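Residue strings, one per chain:
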Amino acid sequence: MTVIEVDGLHKRYGNVLAVDDVSFRVEAGEIFGILGPNGAGKTTTVECLQGLRRPDAGRLRVLRLDPTTHQHEVRRRIGSQLQDSALPDRLKVWEALDLFSSISRRGPAWRDLLATWDLDGVADRSFASLSGGQRQRLFVALALVNDPEVVFLDELTQGLDPGARRMAWDLIREIRDRGVTVVLVTHYMDEVEALCDRVAVIDHGRVRALGTPRQLVESAHSEVTVTFTCHEDVAWLASTRFVDTVHQTDGTVVVIGPGPVVPLVAAALVERGIVPEDMAVRRASLEDVYLDLIDRPAYSPEDR
Ligand SMILES: Nc1ncnc2c1ncn2[C@@H]1O[C@H](COP(=O)(O)OP(=O)(O)O)[C@@H](O)[C@H]1O
Ligand SMILES: [Mg+2]
């Protein structure tokens with residue numbers, strides 16, 4: 001079942017074109033990533049989907065409803081953790097959950113959420129006194145308070161230390177394992193690789209690529225780099241099938257070519273009695289692909 005449909009979304013703030021023709025679909029049960037640099041239009045896109053902003057053009061459906069005209073129905077069935085969400089400093093954890101539960105008419109009792117998200121021990125603490133990881137757990141619990149079918153998480157792991165980030169990743173998987181579809185907005189590639197079933201890469205308000213993380217890597221870069229140590233001259237490798245280039249310096253050999261180059265180079269070497277035990281193969285990572293897709297600012301030497 002398709003849970004979210006976005007077709008030709010446009011949104012402008014004055015003369016800033018924040019979203020410039022974005023289209024994608026999210027299927028039930030997915031963790032769908034929206035990846036892009038700051039200012040790409042990610043938050044605007046998910047805010048339009050949550051009925052928080054009115055699009056200038058485009059067709060949106062969330063759970064088959066138009067969030068622009070059926071904002072209340074949509075909001076009852078989704079959960080959201082908004083970017084930079086903050087609560088009043090003195091509000092206690094249990095009070096926040098009680099308040100949010102009272103607004104939604106369905107969903108688990110907030111006491112259950114305290115236990116599920118390991119907030120029992122801090123129920124009486126004020127928001128201001130929580131650690132970054134505890135705040136994220138509270139935001140996740142609040143996003144789930146109405147037992148939503150879809151959850152929007154916008155930069156959930158922003159500013160967390162590595163341990164807390166890993167815990168947040170586990171929380172995200174747990175949400176999905178409960179049958180909730182997750183839309184994960186992020187600018188971290190490792191997060192997308194670790195968590196997302198599919199991802200839309202957005203830059204300057206446009207979708208630059210869409211697919212599974214693996215598809216993106218495979219479609220963008222087919223070249224691999226093979227490295228090994230060898231002290232005899234292997235320039236002859238250049239005539240092996242699929243080899244594009246061979247570099248050899250101080251006993252380190254670097255061979256570049258498309259995928260099949262790996263077994264062919266290995267076989268050619270072994271045939272000549274060379275067994276490169278330290279042979280390492282590097283394929284393009286999602287990070288390489290991502291950096292190729294987005295327009296990076298050009299640095300001049302003075303900036304360094
Ligand atoms: N309320 C607003 N008023 C004016 N410009 C905005 C507003 N919100 C966002 N923008 C601009 O729209 C663009 C996209 O912003 P945003 O959707 O927040 O991107 P992202 O979440 O990818 O960082 C940016 O250039 C941002 O400065
Ligand atoms: Mg944002």
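Provided above is the structure to which this section pertains.
Right, let's walk through the structure included here. (Residues numbered from 1 in each chain as written. Chains lettered and ligands numbered in written order. Predicted model: local features only at pLDDT ≥ 70, side-chain atom pairs only at ≥ 80, totals over all residues.)

Here we take up the overall build of the chain. Tallying secondary structure elements over the chain gives 10 helices and 13 strands in all. For 304 residues, the compact-globule formula gives about 19 Å, and the C-alpha radius of gyration of the chain, at 24 Å, lies well above that figure. Summarising its shape, the C-alpha atoms of the chain cover approximately 75 × 45 × 45 Å along the three principal directions. The 304 residues of the chain split such that 35% are buried. For the chain, contacts bridging at least 24 residues in sequence account for 68% of all contacts bridging at least 6. (Helix = DSSP H or I, 4+ residues; strand = E, 2+ residues; numbered from the N terminus. Rg over C-alpha atoms; globule rule 2.2 N^0.38 Å. Buried ≥ 20, exposed ≤ 12 C-beta atoms within 10 Å, placed from the backbone. Contact = placed C-beta atoms within 7 Å.)

Right, let's get into the sheet that holds strand β11 (residues 245-249). The strands making up a sheet associate through backbone hydrogen bonding, with each pair oriented either parallel or antiparallel. One open sheet accounts for 4 strands, arranged β11-β12-β10-β13; its pairing is antiparallel. What marks the edges here is a single partner per strand, and that holds for β11 and β13 (280-283). Across this sheet, the average inter-strand angle for adjacent strands is 15 degrees, counted without regard to direction. Sheet topology places strand β10 (residues 223-229) next to β13; 4 bridges connect them, and they run antiparallel. (Pairing = 2+ DSSP bridges. Axes fitted to C-alpha atoms, helices over the stretch in contact; angles between N-to-C directions.)

Attention now goes to the environment of S131. Within the element layout of this structure, S131 appears in the loop between α4 (110-116) and α5 (132-143). A sequence separation of 75 residues divides S131 from R206, and the C-alpha atoms of the two residues are 36 Å apart.

The environment of ligand 1 is made up of Y13, V16, A18, G36, N38, G39, A40, G41, K42, T43 and T44. Broken down by secondary-structure element, the contributors of at least two residues to the shell around ligand 1 are β2 (16-27) and α1 (42-49). Top element by residues in the shell around ligand 1 is α1. It accounts for 3 residues. Considered class by class, the residues forming the shell around ligand 1 number 4 nonpolar, 6 polar and 1 charged. (Near = placed C-beta within 6 Å. Nonpolar A, V, L, I, M, F, W, Y, C, P; charged D, E, K, R; others polar.)

What follows deals with the nonpolar core. Core analysis: the largest hydrophobic core is formed by 67 residues, its most contacted members being L97, A141, V151, V182, V183 and L184. When residues of this core are assigned to their parent elements, the largest contribution, 6 residues, is made by α5. The residues contacting L184, other than those within four sequence positions of it, are I31, F32, G33, L153, I172, L195 and C196. With 9 residues, the next largest nonpolar core counts V226, V234, V261 and V265 among its residues. (Core = buried A, V, L, I, M, F, W, Y, C linked by C-beta atoms within 7 Å.)

Next up on the list: the packing of helix α3 (residues 93-103) against α5. Interaxial distance between α3 and α5 falls to 10 Å at its minimum, and their mutual angle equals 20 degrees. Classed by the angle they form, the pair α3 and α5 counts as roughly parallel. Crossing handedness for the pair α3 and α5: right-handed. Contacts between α3 and α5 involve V93, A96, L97 and F100 from the first element and L138, A141 and L142 from the second. (Parallel < 35°, antiparallel > 145°, perpendicular 65-115°, else oblique. Left-handed = near helix turned anticlockwise from the far one by under 90°.)

Residues spaced three or four apart along an α-helix face the same direction, because each turn holds 3.6 residues. With 16 residues, helix α6 (residues 162-177) should cover 22 Å at 1.5 Å per step; its first-to-last C-alpha distance of 23 Å lies within 8% of that length. Residues of α6 that are buried: R165, A168, L171, I172 and I175. Take α6 and look down its axis: the buried residues cluster within an arc of 110 degrees, on one side only. Away from its buried face by more than 90 degrees, α6 exposes P162, G163, D170 and D177. Where α6 is buried, its residues touch β3 (31-35), α5, β6 (150-154), β7 (181-186) and α7 (189-195). Phi for G179, located one or two positions after α6, is positive at around 95 degrees. (Expected span 1.5 Å × (residues − 1). Arc of directions from axis to C-beta.)

Structural measurements only, silent on function.
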